[in-house]
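Residue-level listing of the chains:
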Amino acid sequence: MKSCKKIVLAYSGGLDTTTAIPWLKEQTGAEIVALAIDVGQADNFEEALKRALHAGVVQAEVLDAKEEYAQDFLLPAIQANALYEGVYPLLSALSRPLIVEKLVQAAAQIGADAVAHGCTGKGNDQLRFELSLAALAPHLTVLAPARHWGMTREDAFAYAQGKGLNLALKPGTLYSIDENLWGRAIECGPLEDPWTEPPADAFALTAEAAQAPDAAVELTIDFEQGVPTALNGTPMPPLDLIAEVSVCAGAHGVGRIDHMENRTVGIKSREVYECPAGVALIQAHKALESLVLTKDEARFKAQVETRWAELVYEGKWHAPLKQSLDAFISATQATVTGSVRLKLYKGTLQVVGRRSPYALYDTNLTTYGDGDTFDHTAADGYLKLAAMELATLARVHAGQSALTQETHDDRTVVAQPVS
Ligand code: ARG
């Protein structure tokens, strides 16, 4: 272990970060300050701080970062329609750069020379912590106890019990949970078998589809320049709007995801998520964009979104490419203003309406009925040119196959290019 005097520990209250307290003290002799960041996880922070103090930290604090999380991380994710591998709304990946910002600020305030996190050596979260730390505070020593102690979750549990630590979990229910405003990631335990259906006790934010209410519910979401600003006509700050959508979509069983995920380190991992807010808001935002963006913008943006999600997944929140993509995405949001109607029913989510003052949809051009202003004769010339390449190709091939036929017949004629 690298030597240091004072450590700020990113404290979650869970098994790994609680176990890390006595372990780091033994290994480094440093003082430890536990910092819990509230990004909307349904934790009992008071209990967590007591647990950290009992485990031996000199100071334990909780910092409310929910508003910043919504404003600076979730809004950009909505605008980027950010879904890693097309499905995962990046809930863990989005929260880590904010947690790192808070760790770095705390380290400066209390004069710490090191920061510690509870990530293991085979996940993605270590990248998100350490790449953001490299970008923001390369002078700080980074300690990753769970990467070095060589204990399984069961070993860590036994070690923690041996040290007399209070733990919030019982052996046997060894899910690893990461939760925030955007949703919940559930790993480990029975989920490690990709053939096993996630047990009901894995979920906390979403209802089982069959048990969701029998009546469908409709949500209207208003957007201004890509930012959701009102729910069912009531203006709300992003934090409140996201929290309300989460509860409502979750109650209707929307947002469960069961994904075979490609981790950055090259491991395939079975990931179970429940992200009711993320799924609903991204779908609504996409629906509005499809009404107002030009074809070229929409197609190019889809490529940018894939790359943006990969960069964020890989921990490169502060990388120059990610920032350049942010600039592109921001520029596309100027006209993403309008409303979307979502219908939620027993685990399904449907877009059932959209409108915008910037809609590029024009009934006069689209209609097959009265009021059609489309110049049908203009299509004649357009089709002549559009079909020209394929017609040329067909002629060339017809000529070639006639010649090839001749070659076969008398074995002397050499095929000539068609002029
Ligand atoms: N696979 C997801 C990700 O890489 C979820 C990680 C959950 N993290 C955790 N510490 N349980 O973003």
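Source: prediction; values computed, not measured.

Draft legend 1. Representation of the overall build of the protein chain within the structure. Tallying secondary structure elements over the protein chain gives 13 helices and 14 strands in all. Its C-alpha atoms give the protein chain a radius of gyration of 28 Å, more than 25% over the compact-globule value 22 Å for 419 residues. Expressed as lengths along the three principal axes of its C-alpha atoms, the size of the protein chain is roughly 90 × 65 × 45 Å. Split into buried and exposed, the 419 residues of the protein chain put 46% on the buried side. Restricting the contact set of the protein chain to residue pairs at least 6 apart, pairs at least 24 apart contribute 72%.

Draft legend 2. Main features of helix H10 (residues 295-313). Here H10 spans 27 Å end to end across 19 residues, near enough to the 27 Å set by a 1.5 Å rise per residue. Within H10, the full set of buried residues consists of Lys301, Val304, Glu305, Trp308, Ala309, Leu311, Val312 and Tyr313. Buried residues belonging to H10 abut helix H3 (66-79), helix H4 (91-110), helix H5 (125-136), strand E11 (256-262), helix H9 (276-292) and helix H11 (320-332). Glycine 315 sits one or two positions beyond H10 and adopts a positive phi of about 90°.

Draft legend 3. Representation of the packing of H4 against H5 within the structure. Their axes nearest at 9 Å, the elements H4 and H5 cross at an angle of 40°. Taken together, H4 and H5 sit at an angle that is classed as oblique. Where H4 crosses over H5, the two elements pack in a sense that is right-handed. Of the residues in H5, those in contact with Ser92, Ala93, Arg96, Pro97, Ile99, Val100, Glu101, Leu103 and Val104 of H4 are Asp125, Arg128, Phe129, Ser132, Leu133 and Leu136. Among the residues forming the contact of H4 with H5, the class breakdown is 9 nonpolar, 2 polar and 4 charged.

Draft legend 4. The arrangement of the packing of H10 against H11 in detail. At a minimum axis distance of 10 Å, the contact between H10 and H11 shows a crossing angle of 145°. Taken as a pair, H10 and H11 cross one another with a handedness that is left-handed. Where H10 abuts H11, its residues Glu297, Phe300, Lys301, Val304, Arg307, Trp308, Leu311 and Val312 lie against Leu321, Lys322, Leu325, Asp326, Phe328, Ile329 and Thr332. Grouping the amino acids of the contact of H10 with H11 by side-chain chemistry returns 9 nonpolar, 1 polar and 5 charged.

Draft legend 5. Region of interest: unusual backbone geometry. Despite not being glycine, glutamate 85 shows a phi value in the positive range, around 55°. Following the sequence through the fold, glutamate 85 ends up in the loop between H3 and H4. Residue glutamate 85 is classed as partly exposed on the basis of its relative accessible area, which comes to 34%. The phi angle at lysine 346 is positive, at roughly 40°, despite the residue not being glycine. With respect to the element layout, lysine 346 can be found in the loop between strand E13 (338-345) and strand E14 (348-355).

Draft legend 6. Local environment of the site of the ligand. Residues in contact with the ligand amount to 14 residues; listed here are only the nearest, Tyr88, Asn124, Asp125, Arg128 and Glu261. The side chain of glutamate 271 places a nitrogen or oxygen atom 3.0 Å from a nitrogen atom of the ligand. Tyrosine 273 places a side-chain nitrogen or oxygen 3.0 Å from a nitrogen atom of the ligand. For the ligand, whose accessible area on its own is 340 Å², the fraction buried by protein is 89%. Residue assignment for the shell around the ligand shows that the elements contributing at least two residues are H4, H5, strand E6 (176-180), strand E7 (183-187) and strand E12 (268-274). In the shell around the ligand, the residues fall into 4 nonpolar, 3 polar and 7 charged.

Parameters and conventions
- Position labels on residues start from 1 in each chain and follow its written sequence.
- Local features in this predicted model are restricted to residues of pLDDT 70 or higher, and side-chain atom pairs are both shown and tallied only at a pLDDT of 80 or more, whereas totals for entire chains, interfaces and linings draw on every residue.
- Based on all heavy atoms of the structure, the side-chain values leave hydrogens and waters out of the count.
- A run of H or I in DSSP counts as a helix once it spans at least four residues, and a run of E counts as a strand once it spans at least two, with each numbered from the N terminus.
- Here the globule rule is a power law, 2.2 Å times the number of residues to the power 0.38, and the radius of gyration is based on C-alpha atoms.
- Categorising residues by exposure relies on relative accessible area from a 1.4 Å probe, with only protein chains included: less than 20% of the type maximum marks a residue as buried, more than 50% marks it as exposed, and the intermediate range marks it as partly exposed.
- Whether two residues are in contact is decided by their heavy atoms, any of which lying within 4.5 Å being enough.
- How far a helix is expected to stretch is found by multiplying one less than its residue total by 1.5 Å.
- Angles shown run from 0 to 180 degrees and are taken between the N-to-C directions of axes, each axis being a line fitted to C-alpha atoms and, for helices, limited to the stretch in contact.
- Each angle is binned into one of four classes, with values under 35 degrees roughly parallel, values over 145 roughly antiparallel, values of 65 to 115 roughly perpendicular, and all other values oblique.
- Handedness of each helix crossing follows the sense of rotation of the near helix against the far helix: counterclockwise by less than a right angle gives left-handed, clockwise gives right-handed.
- In this count, Pro and Cys sit with the nonpolar residues alongside Ala, Val, Leu, Ile, Met, Phe, Trp and Tyr, while Asp, Glu, Lys and Arg are called charged and the others, Gly among them, polar.
- Near, as used in this document, describes a residue that has one of its heavy atoms within 4 Å of the molecule or strand being considered.
- Polar contact criterion, stated in full: a pair of N or O atoms within 3.5 Å, where within protein one must be able to donate a hydrogen and the other to accept it, and residues adjacent in sequence count only if both atoms are side-chain atoms.
- To measure how exposed things are, a 1.4 Å probe is used in the Shrake-Rupley method; for residues, cover is taken only from the protein chains shown.

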